[in-house]
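Descriptive analysis of the structure
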Amino acid sequence: MRTDLSEDKTSVINELSSPKIVLATLNSKFIHASLGLRYLYANLKDLQQCCEIKEFVIQTRPIDIVEQILESKPDIVGFGVYIWNIVETTNVVSLLKVIAPEVKVVLGGPEVSYESEQQAIVQASDYVLTGEAEISFYELCKDIIKNNEPDRKVLKSKPVELKNLEMPYQYYSDEDLKNRLLYVEASRGCPFKCEFCLSSLDTKSNPYELEVFLEQMETLYQRGARNFKFIDRTFNLDINTSLQIMQFFLDRMTDDLYLHFEVVPDHLPRKLKEMLTQFPKGSLQFEVGIQTFNQEVQTNISRKQNNPKSKQNLIWLKENTTAHIHADLIFGLPGETFDTFKDSFDQLYQCQPHEIQMGILKRLRGTPVIRHTEAFDLRFSPLPPFNILSTDRIDFATMQLVNRFARYWDMIGNSGRFKHSLAYLLADNPFDDFIAITNWLFNETGQTHKINLKRLYELLSQAVEALFPEKHQIVLPKIELDYTASGLKGVFNTLNLYAGQKKQSTSQGKLLQRQKQHMQ
């Protein structure tokens, strides 16, 4: 906490009985710690002493969240609202305003910063702060406490100078450092204009003063932090800065240090490559946005990307570094067809990243991709997360097929549990072959979630036998290698590895067991 408060900063607290402010958000998982809330808290100045942060997960019942918030007897509650928590936060706010209508609810975050007025959560709240709200939230709280409330609900935050912001990192607790991902940023904004992304609305990338930022990282490191996830949209944009940050961590390398960066795929100069080769296994992850290799689609979404250079760099990273490579594709972009996406997938697969994230285009509020809605007949779900349902070139049935492909690919291709067998199975026509596996798996199971891992090994073996019988005897020993590496109990040869085998279902076995107990 800051102690060097000037007279003007203490005036609000001195004049009034202590107000109470709660900063809250619903994270998708406990492991995620909200950087946004900590920024708001860090910049509350004299109001910081009467504020607390409360973080929840979206799986918690809304009424239980409201109960925990009201235990603090707040006058003001600020919520961070995102695409992953909009439904749950709407329910929380609605309940909160019924139970305690006197509490002022302030919303912020990307999901309420655009197309605000028609949203149910906005209608239920008192105020919405759009844009970067570190300063505007403090000013609004002052006005509310002084009974000088604005007469407008939606308030646009003024642009902030990063040098004027208090850093948030000291407000990661010791428990956060031990158990959660630590989000950090060396810069804000993005100079690129990819229309599916909210960062396309930025005019440029704004760096923090590097010396100040590294001082903050040093403090976190000395406190025991070893897991740093950089949220900079283009970490390798300014190579000199990238080199200094990476050298900082390389000089402090330990067995448990882990760094995550989002990188531009076609910009890996020699000096950066030389440094990357020095990082040991398990210390680096790169998230590489490819999205599409189709130049027509790239033009449609204002994406500038050197495709040959991007592929060359991906292959270089895989062959010359120990970095874990997570590469992104997006299905459903304006102008994309099933065949052009297949081509992008096959090209990316040949680059052999450790993971290929199959994203489905989402209608993020405020993104320029919406301008293509009529020309390409883009039809988005009205329900969060607002996935694309069909386009003029991709019908709904095909969209559903690729959604299932993405889910099964995450289970099999991205999990790392099938790395021996997958290499043999998808050598020639990766997309077509995995589409065939997708159809077989869905026809067999009717589900894309909650498939037991042991059952998944069985299903893959059965799918190969049914679809590619000439490969089955070659792939089967590789599946056994993967099964053994998984650590699952049970002898591999006792599994149902052939499509013709039948096994009494677990549910039937349990039913018979219950019947026998009644007959005793």
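Numbering of residues starts from 1 in each chain and follows the order in which that chain's sequence is written. It should be noted that, the model being predicted, local features are given only for residues of pLDDT at least 70 and side-chain atom pairs only at 80 or more, the latter also being counted only at that level, while totals for whole chains, interfaces and linings use all residues. Hydrogens and water are ignored here; the side-chain numbers use all heavy atoms of the structure.

**Some points on the sheet that holds strand β11 (residues 258-263)**
Heads up, the rule is: Strands pair, by our definition, only if DSSP identifies at least two bridges between them. Numbered from the N terminus, helices here are DSSP runs of H or I no shorter than four residues, and strands are runs of E no shorter than two. Axis definition: a line fitted to C-alpha atoms, limited for helices to the stretch in contact. Angles are taken between N-to-C directions and run from 0 to 180 degrees. Pairs of residues are marked as contacts when any of their non-hydrogen atoms sit within 4.5 Å.
Reading across from one edge, β7-β10-β11-β12-β13-β14 is the order of the six strands in this open sheet, with parallel pairing throughout. Sheet topology places β7 (182-184) and β14 (355-360) at the edges, where each strand pairs with a single neighbour. Averaged over neighbouring strand pairs, the angle between their axes works out to 25° when direction is ignored. Where β11 and strand β12 (residues 284-291) come together, five bridges link them in parallel fashion. Within β12, the residue paired with Val-263 across the bridge is Val-288. Where helix α9 (residues 239-250) meets the sheet, it contacts β10 (227-230), β11 and β12, and its direction lies at approximately 170° from that of β10. Across the face of the sheet, helix α13 (residues 338-350) comes into contact with β12, β13 (324-331) and β14 while running at roughly 175° to β13.

**Looking at unusual backbone geometry**
To keep things clear, this is the line we draw: Buried residues are those whose accessible area, probed at 1.4 Å on protein chains only, stays under 20% of the maximum for their type, while exposed residues exceed 50% and partly exposed ones sit between those limits.
That bond from Pro-384 to Pro-385 is cis: its omega, 5°, falls within 30 degrees of zero. We note that Lys-73 has phi near 50°; this positive angle belongs to a residue other than glycine. Mapped onto the elements of the fold, Lys-73 is located in the loop between α3 (62-70) and β3 (76-80). Judged by its relative accessible area of 67%, Lys-73 is exposed. Even without being glycine, Asn-147 reaches a positive phi, approximately 55°. On the secondary structure map, Asn-147 appears in the loop between α6 (134-145) and β6 (154-156).

**Notes on the confidence of the model for the protein**
This is how the line gets drawn: Each residue gets a pLDDT score, which is the predictor's confidence in that residue and runs from 0 to 100.
The share of residues in the protein with pLDDT of 70 or more is 93%, and the mean pLDDT across the chain is 92. Every residue in residues 1-16 is under pLDDT 50, and counting partners more than four places away or in other chains gives 26 contacts.

**Comments concerning the environment of Asn-27**
Selection criterion: Under this definition, polar contacts are N or O atom pairs within 3.5 Å; protein pairs additionally need one hydrogen-donor-capable and one acceptor-capable atom, and for neighbouring residues in sequence, both atoms have to be side-chain atoms.
Here Asn-27 is to be found in strand β1 (residues 21-27). On a C-alpha basis, the gap between Asn-27 and Leu-40 in space is 16 Å, while along the polypeptide they are 13 residues apart. Of the polar contacts made by the side chain of Asn-27, one reaches the backbone oxygen of His-32; its length is 3.1 Å.

**Structural notes on the packing of aromatic side chains**
Applicable threshold: Any Phe, Tyr or Trp ring, taking Trp's six-membered ring, that has another such ring centre within 6.5 Å forms a pair; planes under 30 degrees apart are called stacked, those over 60 apart edge-to-face, and the others tilted.
The final tally for this structure, using the stated rule, is 27 aromatic pairs. Seen from their ring centres, Phe-248 and Phe-249 are 5.0 Å apart, and the 90° between their planes marks the pair as edge-to-face. In this structure, Phe-248 and Phe-249 share a single accessibility class: buried. For the pair Phe-261 and Phe-286, a centre-to-centre distance of 6.3 Å together with 45° between the ring planes defines the contact as tilted. One end of the pair, Phe-261, is in strand β11; the other, Phe-286, is in strand β12, with 25 residues separating them in the sequence.

**Structural notes on the packing of helix α17 (residues 453-467) against helix α18 (residues 469-486)**
Cut-off, in case you're wondering: Throughout, the term roughly parallel applies to angles under 35 degrees, roughly antiparallel to angles over 145, roughly perpendicular to angles from 65 to 115, and oblique to all others. Residues were grouped as follows: Ala, Val, Leu, Ile, Met, Phe, Trp, Tyr, Cys and Pro as nonpolar; Asp, Glu, Lys and Arg as charged; and all remaining residues, including Gly, as polar.
Contact geometry of α17 with α18 gives a least axis separation of 8 Å together with a crossing angle of 170°. The pairing of α17 with α18 is recorded here as roughly antiparallel in orientation. Residues Leu-453, Lys-454, Tyr-457, Leu-460, Ser-461, Val-464, Glu-465, Ala-466 and Leu-467 of α17 form the contact with α18, whose own contacting residues are Pro-469, Lys-471, His-472, Val-475, Leu-476, Ile-479, Asp-482, Tyr-483 and Ser-486. Residues belonging to the contact of α17 with α18 are distributed by class as follows: 11 nonpolar, three polar and four charged.

**Overview of the packing of helix α16 (residues 430-445) against α17**
Put simply, the rule is: Crossing handedness: left-handed means the near helix sits turned counterclockwise from the far one by under a right angle, and right-handed means the same turn made clockwise.
Viewed as axis vectors pointing N to C, α16 and α17 meet at an angle of 120°, and their least axial separation amounts to 10 Å. For the element pair α16 / α17, the angle class is oblique. In this structure, α16 crosses over α17, and the sense of that crossing is right-handed. Judged by residue contacts, Ala-436, Ile-437, Trp-440, Leu-441, Glu-444 and Thr-445 of α16 engage Arg-455, Leu-459, Leu-460, Gln-462, Ala-463, Ala-466 and Leu-467 from α17. Tallied by class, the residues present in the contact of α16 with α17 amount to nine nonpolar, two polar and two charged.

**Thoughts on the sheet that holds strand β4 (residues 104-108)**
Overall, parallel pairing links the six strands, which are arranged β2-β1-β3-β4-β5-β6 in an open sheet. Unpaired on one side and paired on the other, β2 (51-57) and β6 mark the two borders of the sheet. Ignoring strand direction, the axes of neighbouring strands in this sheet form an average angle of 20°. Both β1 and β3 contribute to a ladder of five bridges, which runs parallel. Along β3, the bridge assignment pairs Ile-21 with Ile-76. Along the sheet face, helix α4 (residues 86-99) touches β1, β3 and β4 and points at about 170° away from the line of β3.

**Things to note about α4**
Note the following rule: In a helix, the anticipated span is given by 1.5 Å times the number of residues less one. As used here, the arc belongs to the directions running from the helix axis to the C-beta atoms.
Taking 1.5 Å of rise per residue, the 14 residues of α4 would be expected to cover 20 Å, and the 20 Å separating its terminal C-alpha atoms lies within 8% of that figure. For α4, the full list of buried residues reads Ile-86, Thr-89, Thr-90, Val-92, Val-93, Leu-96 and Lys-97. Around the axis of α4, the buried residues are gathered within 165° of arc, so they sit on the same side. Residues of α4 that are buried sit in contact with β1, α3, β3, β4 and α5 (120-124).

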